[in-house]
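Here is how the chains run, residue by residue.
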Amino acid sequence: METAIIKIGNSKGLRLSKTILEKYNIKDKVEIILEEGQIILKPIETPRNNWESAFKKMNAEGDDELLIESVFNDENFEEWN
């Protein structure tokens with residue numbers, strides 16, 4: 001597929017058709033990957049999508065314990081007053 005580079009203010013950009021946007025589920029942002037003479041556009045999924053259900057599953061399986069001790073175990077908070 002060939003497409004023209006268009007002027008957008010002081011910059012230039014690509015115009016993607018509605019068909020491409022829908023087919024590849026592109027919403028507001030894409031990741032640009034520069035690789036061996038190619039430019040790859042990759043749709044960005046919603047950050048932290050499904051984290052809530054993953055955390056609930058971790059908790060149910062007992063896999064949500066701290067990996068390091070609390071950094072405040074040996075602190076004297078009275079000094080902060």
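Refer to the preceding data block for the structure.
Reading the values: rules and limits
Note that residues are indexed from 1 along each chain, following the sequence as it is written. Under the rules for a predicted model, residues below a pLDDT of 70 receive no local features and side-chain atom pairs below 80 are neither given nor counted, while totals for whole chains, interfaces and linings still include all residues. Hydrogens are left out, water is left out, and the side-chain values use all remaining heavy atoms of the structure. Secondary structure is summarised from DSSP: a helix means a run of H or I of at least four residues, a strand means a run of E of at least two, and numbering begins at the N terminus for each. Think of it in three bands: residues with accessible area under 20% of the maximum for their type are buried, residues over 50% are exposed, and the middle band is partly exposed, with areas taken using a 1.4 Å probe on protein chains only. For patch building, the residue pool is restricted to those with more than 30% relative accessible area and no salt bridge; the joining distance is 9 Å between like charges and 5 Å between nonpolar side chains (Val, Leu, Ile, Met, Phe, Trp, Tyr). Each accessible area value is a Shrake-Rupley result obtained with a 1.4 Å probe; residue values ignore everything except the protein chains displayed when judging cover. Think of a salt bridge as a Lys or Arg side-chain nitrogen and an Asp or Glu carboxyl oxygen that are within 4 Å of each other. Here a Phe, Tyr or Trp ring, Trp counted by its six-membered ring, pairs with any other such ring whose centre lies within 6.5 Å, and the pair is stacked when the planes are under 30 degrees apart, edge-to-face when over 60, and tilted otherwise.

S.K.: Explain the environment of aspartate 28 to me, please; I cannot follow it from the model alone.
M.R.: Tracing the backbone through its elements, the reader meets aspartate 28 in the loop between helix H1 (18-23) and strand S3 (30-35). Of the residues examined, aspartate 28 reaches a relative accessible area of 77% and is grouped as exposed.

S.K.: Would you take a moment to explain a nonpolar patch on the surface for this structure?
M.R.: Taken together, the side chains of Ile5, Leu14, Ile32, Leu34, Ile39 and Leu41 make up a nonpolar region of the molecular surface, amounting to roughly 640 Å² of accessible area. Of all elements in the fold, only S3 and strand S4 (38-43) reach the threshold of two or more residues within the nonpolar patch. With respect to the secondary-structure elements, isoleucine 39 resides in strand S4. Its relative accessible area of 65% is what places isoleucine 39 among the exposed residues.

S.K.: Even after reading the chapter, I still don't get the packing of aromatic side chains, so can you show me in this structure?
M.R.: Each aromatic ring pair is described using two quantities: the centre-to-centre distance and the angle formed by the ring planes. The final tally for this structure, using the stated rule, is one aromatic pair. Centre to centre, the rings of tryptophan 51 and phenylalanine 55 are 5.9 Å apart; their planes meet at 75°, and the pair counts as edge-to-face. With tryptophan 51 and phenylalanine 55 both in helix H2 (residues 51-60) and four residues apart, this pair spans about one turn of that helix.

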